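Spelled out from the first residue to the last, the chains are:
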Amino acid sequence: MNELMKILGIGLAGGAVVMAVRKYNSIYGMLTALALGAFILVSLCGTIEDILGELSGIIETGGLNKEYIGVVLKVIGIAYLSQFGAEMLRDSGEGAIAAKCELAGKIFILYLTMPVVADFLKLCITITEGI
């Protein structure tokens, strides 16, 4: 909880700095916002590492398929990163490019999930043939 409060404080203070800088120079304002966003993401790395360690323990004890869990984690990462990038672009006034970045994220998610979907469809076909 303390970590979240620190990040929120940095975000609020940084947001005020970005607004002040943006008044005088929009490019520097955008660069400041990008740097602030990157700093916040880097600040979350320890928490993300803890989450991945916990998930690894659950996977080991539960006997879950590591390949599928890996796909799920990659999908979550792509979703967060494409959303983050799109929001930064929208903040910069580039809504059209933001939409394309979100589309790219969705296409990569579809690409990553195709092997899982194919395995599921093969299982459905096998089951229905046995009926």
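For the structure, see preceding data.
Notes on the structure follow. Bear in mind that the values here come from a model prediction, so they are computed numbers and not experimental data. Every chain's residues receive numbers from 1 upward, in the order its sequence appears when written. pLDDT decides what is reported in this predicted model: residues at 70 or higher carry local features, side-chain atom pairs at 80 or more are listed and counted, and totals for whole chains, interfaces and linings draw on all residues regardless. Side-chain measures were taken over the full set of non-hydrogen atoms in the model, leaving aside hydrogen atoms and water.

## Observations regarding the side chain of S82
Thinking step 1. Each helix is a run of DSSP H or I of at least 4 residues and each strand a run of E of at least 2, with the numbering of both proceeding from the N terminus. Relative to the helices and strands, S82 is located in helix α4 (residues 66-91).
Thinking step 2. The rule is simple: take the accessible area with a 1.4 Å probe, protein chains only, and divide by the maximum for that residue type; under 20% is buried, over 50% is exposed, in between is partly exposed. Classification of S82 as buried rests on a relative accessible area of 16%.
Thinking step 3. Whenever a nitrogen or oxygen atom comes within 3.5 Å of another N or O atom, the pair is scored as a polar contact, on the condition that within protein one atom can donate a hydrogen and the other can accept it, and that pairs from neighbouring residues in sequence are kept only if both atoms are in side chains. Among the polar contacts listed, one links the side chain of S82 to the backbone oxygen of A79, at a separation of 3.2 Å.
Thinking step 4. Whether two residues touch is decided by their heavy atoms; if any such pair falls within 4.5 Å, the residues are in contact. Those residues in contact with S82 that sit more than four places away from it in its chain are C101, E102 and G105.

## Here we look at the pattern of salt bridges
Thinking step 1. Basic side-chain nitrogens of Lys or Arg form a salt bridge, by our definition, when they fall within 4 Å of a carboxyl oxygen of Asp or Glu. This structure, assessed with the given rule, holds 1 salt bridge.
Thinking step 2. Taking the shortest distance from any N to any O, the salt bridge between E102 and R90 comes out at 2.8 Å. With E102 in helix α5 (residues 95-129) and R90 in helix α4, this residue pair connects regions lying 12 residues apart in the sequence.
Thinking step 3. Look at E102 and you get partly exposed, because its relative accessible area is 24%.

## Considerations on α5
Thinking step 1. Helix length check: α5, at 35 residues, gives a terminal C-alpha distance of 48 Å against a target of 51 Å (1.5 Å per residue), a fit within 8%.
Thinking step 2. For a residue, the bend is simply the angle between two axes, fitted respectively to the seven-residue segment ending there and the seven-residue segment starting there. At T113, α5 shows its strongest bend, of approximately 45 degrees, with the proline P115 following within four residues. To estimate the expected span of a helix, count its residues, drop one, and scale the result by 1.5 Å.

## Description of helix α3 (residues 45-62)
Thinking step 1. Spanning 18 residues, α3 covers 25 Å between terminal C-alpha atoms, matching the ideal 26 Å at 1.5 Å per step.
Thinking step 2. Looking one or two residues past α3, G63 carries a phi angle of roughly 65 degrees, positive in sign.

## Considering a nonpolar patch on the surface
Thinking step 1. Patch definition: residues above 30% relative accessible area lacking any salt bridge, with like charges linked at up to 9 Å and the nonpolar side chains Val, Leu, Ile, Met, Phe, Trp and Tyr linked at up to 5 Å. In short, Shrake-Rupley with a 1.4 Å probe defines the accessible areas, and a residue's cover is counted only from the protein chains shown. A cluster of nonpolar side chains, namely I48, L52, V72, L73, I76 and Y80, defines an oily patch on the protein surface of about 540 Å² accessible area.
Thinking step 2. Elements represented by at least two residues in the nonpolar patch include exactly α3 and α4.
Thinking step 3. Looking at which element gives the most residues to the nonpolar patch, the answer is α4, with 4 residues.
Thinking step 4. According to the relative accessible area criterion, L73 is partly exposed, its value standing at 31%.

## Side note on the packing of helix α1 (residues 2-24) against helix α2 (residues 26-43)
Thinking step 1. Interhelical geometry of α1 versus α2 gives an angle of 170 degrees and a closest axis separation of 7 Å. By the angle between their axes, α1 is roughly antiparallel relative to α2. On α2, the residues that touch E3, I7, I10, G11, G14, G15, V17, V18, V21, R22 and Y24 of α1 are S26, Y28, G29, M30, T32, A33, L36, F39, I40 and S43.
Thinking step 2. Residues are grouped as follows: Ala, Val, Leu, Ile, Met, Phe, Trp, Tyr, Cys and Pro are nonpolar; Asp, Glu, Lys and Arg are charged; all remaining types, including Gly, are polar. Of the residues in the contact of α1 with α2, the class split is 12 nonpolar, 7 polar and 2 charged. Think of each axis as a best-fit line through the C-alpha atoms, taken over the contacting stretch in the case of a helix, with angles from 0 to 180 degrees between the N-to-C directions. Roughly parallel means an angle under 35 degrees; roughly antiparallel, over 145; roughly perpendicular, 65 to 115; everything else is oblique.

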